[in-house]
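# Survey of secondary and tertiary structure
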Amino acid sequence: MSERAAPFYCPYCGDEDLRPGEQGLGSPRASAAERGGGTWECGACNRAFQLKFLGLLARGLERSDTGGDRT
């Protein structure tokens, strides 16, 4: 995820009371994730979490378009 993207709900409890986490310390050349940035705090369940984009899948996802009634 980019540093500007924000989650809409807590992945643990589903509540929407989210706040940006405290900025951590570290090298000025370190990424935001390494410095502790990009963390979010949930006011409902009192948990802190961090989102991270891992990359694209090499083969992509295989879709099965079998929705709906077929006769």
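Refer to the structure presented above.
Within each chain, residues carry numbers counting from 1 in the order of the written sequence. The predicted nature of this model means local features are confined to residues of pLDDT at least 70 and side-chain atom pairs, given and counted, to a pLDDT of 80 or more, with totals for whole chains, interfaces and linings taken over all residues. To obtain the side-chain values, all non-hydrogen atoms of the structure were used and water was disregarded.

For the chain, the helix and strand inventory stands at one helix and three strands. Runs of E in the DSSP output that reach at least two residues are strands. Runs of H or I that reach at least four are helices, and both are numbered from the N terminus. In sequence order, the chain lays out its α and β elements as β-α-β-β. When accessible area is computed with a 1.4 Å probe and restricted to protein chains, residues below 20% of their type maximum are described as buried, those above 50% as exposed, and intermediate ones as partly exposed. The buried share of the chain, taken over its 71 residues, is 15%. Residue contacts are counted whenever heavy atoms from the two residues lie within 4.5 Å of one another. Counting contacts in the chain only where the partners sit at least 6 residues apart, residues at least 24 apart contribute 42% of the total. Only the protein chains shown count as cover for residues, and all accessible areas are computed by the Shrake-Rupley method using a 1.4 Å probe. Approximately 6500 Å² of the chain is accessible, and the part contributed by carbon and sulfur atoms is 49%.

With that settled, the discussion passes to the sheet that holds strand 1 (residues 18-20). Spatially, the three strands line up as an open sheet ordered 1-2-3, and their pairing is antiparallel. Single-partner strands in this sheet number two, and they are strand 1 and strand 3 (48-50). On average, each strand axis in the sheet is tilted by 35 degrees relative to the strand beside it, whichever way the strands run. Any two strands are treated as partners once DSSP identifies two or more bridges connecting them. Bridge analysis of strand 2 (residues 39-42) against strand 3 gives three bridges, and the strand direction is antiparallel. For Trp 40, the partnering residue across the bridge sits in strand 3 and is Phe 49. Between N-to-C directions, angles span 0 to 180 degrees; the directions come from axes that are lines fitted to C-alpha atoms, helices contributing only their stretch in contact.

Let us now look at the nonpolar core. Nine residue types can take part in a nonpolar core, namely buried Ala, Val, Leu, Ile, Met, Phe, Trp, Tyr and Cys, and a core is a set of them joined through side-chain atoms within 4.5 Å. Residues Cys 10, Leu 18, Trp 40, Cys 42 and Phe 49 constitute the largest nonpolar core, which totals five residues. Contacts of Cys 10, omitting those with residues within four sequence positions, involve Asp 15, Leu 18, Cys 42, Cys 45 and Phe 49.

With respect to the secondary-structure elements, Gly 38 resides in the loop between helix 1 (32-35) and strand 2. Remark: the alpha-carbon pair of Gly 38 and Ala 5, spanning 33 residues in sequence, is separated by 9.1 Å. Setting aside residues up to four positions removed in sequence, Gly 38 forms contacts with Phe 49, Gln 50 and Leu 51.

Bringing the pairing of strand 2 into the picture now. Look at any regular strand and the pattern is simple: side chains alternate between the two faces of the sheet. Sheet topology places strand 1 next to strand 2; three bridges connect them, and they run antiparallel. Opposite Leu 18, over in strand 2, you have Cys 42 as the bridge partner. Where strand 2 folds back on strand 3, the antiparallel hairpin that results is connected by five residues, among which Asn 46 adopts a positive phi of roughly 60 degrees.

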